[in-house]
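# Coordinates in review
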Amino acid sequence: MVEFEIRSRDLLARIGRLKTKSGTVETPAFLPVINMAKQSVTPKELWEEFGCRILITNAYIIKKQQAEKVARLGIHSFLNFPGVIMTDSGAYQILAYGDIDITPREIIRFQEEIDTDIATILDLPTGWAVSKKHAEHTVIETINRAKELEKLKSRNDILWVGPIQGGRYLDLVAESARRMSQLPFDIHALGSPTPVMEQYLFDLLVDMIFAAKMNAPFNRPFHLFGAGHPFMFALAVALGCDLFDSAAYNIFAQDDRYLTTYGTIHLKELEYLPCSCPVCYRRDPREFREMPKNEREVELTRHNLHVCFAEIKRIKQAIIEGRLWEHLMIRAHGHPSLLQAMKRLKDYSEIIEKHSPLVKRSGLFFFSSIDLARPEVIRHNMRLKERYSPPEKAKVLILFPSFGPRRTGKSKRYKKILADTCKTLRIDKNQIHVCFYVPPFGVVPKELSDVYPLSQFEITRPLDVETMEYVAQRIMEYVKTNRYERRIMLVESGTWQEEIAKICMKYFREDKRLLEFLTV
Ligand SMILES: [Zn+2]
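Residues numbered from 1 in each chain as written. Predicted model: local features only at pLDDT ≥ 70, side-chain atom pairs only at ≥ 80, totals over all residues. Heavy atoms only, no water.

### Considerations on the overall build of the protein
Here is the rule we go by: Strands here are runs of E lasting at least two residues and helices are runs of H or I lasting at least four, both read from the DSSP assignment and numbered beginning at the N terminus. Burial classes: relative accessible area under 20% of the type maximum marks a residue as buried, over 50% as exposed, and values in between as partly exposed (1.4 Å probe, protein chains only). The contact definition used throughout considers only heavy atoms, calling two residues in contact when any of these lie within 4.5 Å. Here the open area of atoms and residues is found with the Shrake-Rupley method and a 1.4 Å probe, where only the protein chains shown may cover a residue. Positive charges are assigned to Lys and Arg, negative charges to Asp and Glu, while His and the chain termini are left out of the count. In this description, the location of a charge corresponds to atom NZ of lysine, CZ of arginine, CG of aspartate or CD of glutamate.
Secondary structure summary: the protein contains 21 helices and 20 strands in total. Expressed as lengths along the three principal axes of its C-alpha atoms, the size of the protein is roughly 95 × 55 × 40 Å. For the protein, buried positions account for 58% of its 520 residues. Here the contacts in the protein between residues at least 6 apart in sequence split such that 72% fall between residues at least 24 apart. Total accessible area on the protein stands at roughly 23200 Å², and carbon and sulfur atoms take up 49% of it. Each charge class in the protein can be summarised by its mean position, and for the 76 positive and 66 negative side chains these summaries are 6 Å apart.

### Examining the side chain of Asp242
Going by this rule: Under this definition, polar contacts are N or O atom pairs within 3.5 Å; protein pairs additionally need one hydrogen-donor-capable and one acceptor-capable atom, and for neighbouring residues in sequence, both atoms have to be side-chain atoms.
For Asp242, the position within the fold is in the loop between helix 10 (233–238) and strand 11 (243–246). Looking at Asp242, its side chain comes within polar contact range of the side chain of Arg14, at 2.9 Å.

### Points about the environment of Leu152
Here Leu152 shows up in helix 6 (residues 132–152). Along the sequence, Leu152 and Arg109 sit 43 residues apart, while their C-alpha atoms lie 7.7 Å from each other. Among all residues touching Leu152, those that are not within four sequence positions of it are Arg105, Ile108 and Arg109.

### Digging into the pairing of strand 3 (residues 23–27)
For a regular strand, side chains alternate in direction, first toward one face of the sheet and then toward the other. How we decide: By definition, two strands form a pair when at least two bridges between them are found by DSSP.
Two strands pair when backbone bridges link them, and strand 2 (residues 13–20) and strand 3 are joined in this way by five bridges, in the antiparallel orientation. Bridging across to strand 3, Gly16 finds its partner in Thr27. The hairpin formed by strand 2 and strand 3 contains two residues between the paired strands.

### Things to note about the coordination of the zinc ion
Using the following cut-off: Keep in mind that water is not among the atoms, so a site may look incomplete; donors are the N, O and S atoms within 2.8 Å of the metal, or 3.2 Å for Na, K and Ca. Irregular is the default label, applied whenever a site is not tetrahedral (four donors, all angles between 85 and 135 degrees) and neither square planar nor octahedral (four or six donors, opposite donors over 155 degrees apart, all other angles between 65 and 115).
At 2.1 to 2.4 Å from the zinc ion lie its protein donor atoms, namely Cys275 (SG), Cys277 (SG), Cys280 (SG) and His303 (ND1). Viewed at the metal, the four donor atoms of the zinc ion are separated by angles of 97 to 119 degrees, and the geometry they form is tetrahedral.

### Re the sheet that holds strand 2
Inclusion rule: Angles run from 0 to 180 degrees between N-to-C directions of axes, and those axes are lines fitted to C-alpha atoms, restricted for helices to the stretch in contact.
Taken in spatial order, the three strands line up as 1-2-3 in an open sheet, and their pairing is antiparallel. This sheet does not close on itself; its edge strands, each paired only once, are strand 1 (4–10) and strand 3. Between one strand and the next, the sheet's axes are offset by a mean angle of 10 degrees, whatever the strand orientation. Here six bridges tie strand 1 to strand 2, and the two strands are oriented antiparallel to one another.

### Side note on the packing of helix 20 (residues 465–481) against helix 21 (residues 496–507)
Between two packed helices, what matters for the description is the angle formed by their axes and the separation of those axes. Let me state the cut-off plainly: Each angle receives one of four descriptions, namely roughly parallel if under 35 degrees, roughly antiparallel if over 145, roughly perpendicular if within 65 to 115, and oblique otherwise. Definitions for this section: a left-handed crossing has its near helix turned counterclockwise from the far helix by less than a right angle. A right-handed crossing has that turn clockwise.
For the pair helix 20 and helix 21, interaxial distance at closest approach is 9 Å and the crossing angle is 55 degrees. With respect to each other, helix 20 and helix 21 are oriented oblique. For the pair helix 20 and helix 21, the crossing hand works out as right-handed. Counted together, Met468, Glu469, Val471, Ala472, Ile475 and Met476 of helix 20 and Trp496, Glu499, Ile500, Ile503, Cys504 and Tyr507 of helix 21 form the full contact between these two elements.

### Notes on the pattern of salt bridges
Proximity of charged atoms lets side chains of opposite charge pair with each other. For clarity, the cut-off: Note on definitions: salt bridges are taken to be side-chain nitrogens of Lys or Arg within 4 Å of carboxyl oxygens of Asp or Glu.
Counted according to the given criterion, the structure contains 38 salt bridges. Arg344 is the partner of Asp203 in a salt bridge, and the nearest nitrogen-oxygen pair spans 3.3 Å. Of the two residues, Asp203 sits in helix 9 (residues 202–213) while Arg344 sits in helix 15 (residues 336–344), which places them 141 residues apart along the sequence. We classify Arg344 as partly exposed; its relative accessible area is 24%. With its nearest N and O atoms 3.0 Å apart, the salt bridge here joins Glu326 to Arg374. Here Glu326, found in helix 14 (residues 324–332), pairs with Arg374, found in the loop between strand 14 (364–366) and helix 17 (375–387); they are 48 residues apart in sequence, far enough to count as distant.

Given below as structure tokens:
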């Protein structure tokens, strides 16, 4: 059983410690793809200069080119890297070139022989533009090969990766995940998402990762093959990817492309260097352009690596602070396709809620209706529906507007309005139950005002239409579910409260007694 200890969580992301025979690595981890034929920054430099503790290389390519030497030296000496080494099996080559001349048994034996730390079976990648029938075949064939592993392997100190196939057919991804997770793998991985990422179909990637994660054991680490660009690392981590590899840092540098956390810029388009890494500090783009090609490639690779590793640190800090959602929102605004993926999270908000930690360190920021999918909003409304009932004596419900119920509940203005309302309506204070209507949460009973995070948040105003619609729906849900003799919503005219009241009125046209509106 894999030793994977979770230290901190946020959304589906986790900071963990993964134990391997060559040491323990902290996750989430970005694994640079090493191709010794094209490597401008060596593994040793990755270890020393970048603090890189885990990398990935392709066992199939190594076997084709230098099998004997690597087997003799071992992969750690061959690469001159003292950290953790993961090997891929050649599945990507199958996808790129069709069939390859190696058997599943050979690649298992070879990975053991070269003493890798994390190994991958030779799965059959589904690919992108394929029929469902072919996709089904890749799933079944991968499972059959996976079942063979137990018979073929001879060591027990290597962690084995069980890739999940199915491509864009989500039911197949789920099926593949269910069946692979019954086998004794240490790590699972989503196979062949590269075409999805190259085409920026991040919303589909969200679907694929959820289909896989929800059907695989949560206590096993999850790897995303070919994660690509640092601008989507936060998304991958938030969805529960603990490990992901990328060759982009190297491939992009060969083509004079400069990575940033919001996109890629070609060197010839740069007038300034928007980065303060050791490579860019005190340099300008002209110096880059005037370098000999080789040197420029090395320097660009180093910059690209700094961007990738810095982003991982930012993500980890955001997890610790409980601000990963906010970090995701910043990254999502770097590209429309990422924001599209963020919108897709709404479909999975209940799953995200289930796995998110209960209390965070900081207050929440709400920017737009996309944030309505946040686990804290979902959680509050689930609990209100499932676990809450109003005090027994309460006869009259008064809904009071608020952007922070704790603060509102203590204000003089609130007390005066409430006293005046009681007088106007001729009701006794003891009979009323005060609830606040609070964007974006909906209805917050006064006695819950102190519960985190119902008073610990900031929201952008004016509210967008979807957020007002959401609050109105929660109000309607609440008044329909809970028994009161009268239900009164206090509204200040000419404000957002009136907008929400209008939406409620529209829905309650058929039964006006459900909710009365009182202008204050
Ligand atoms: Zn830089």
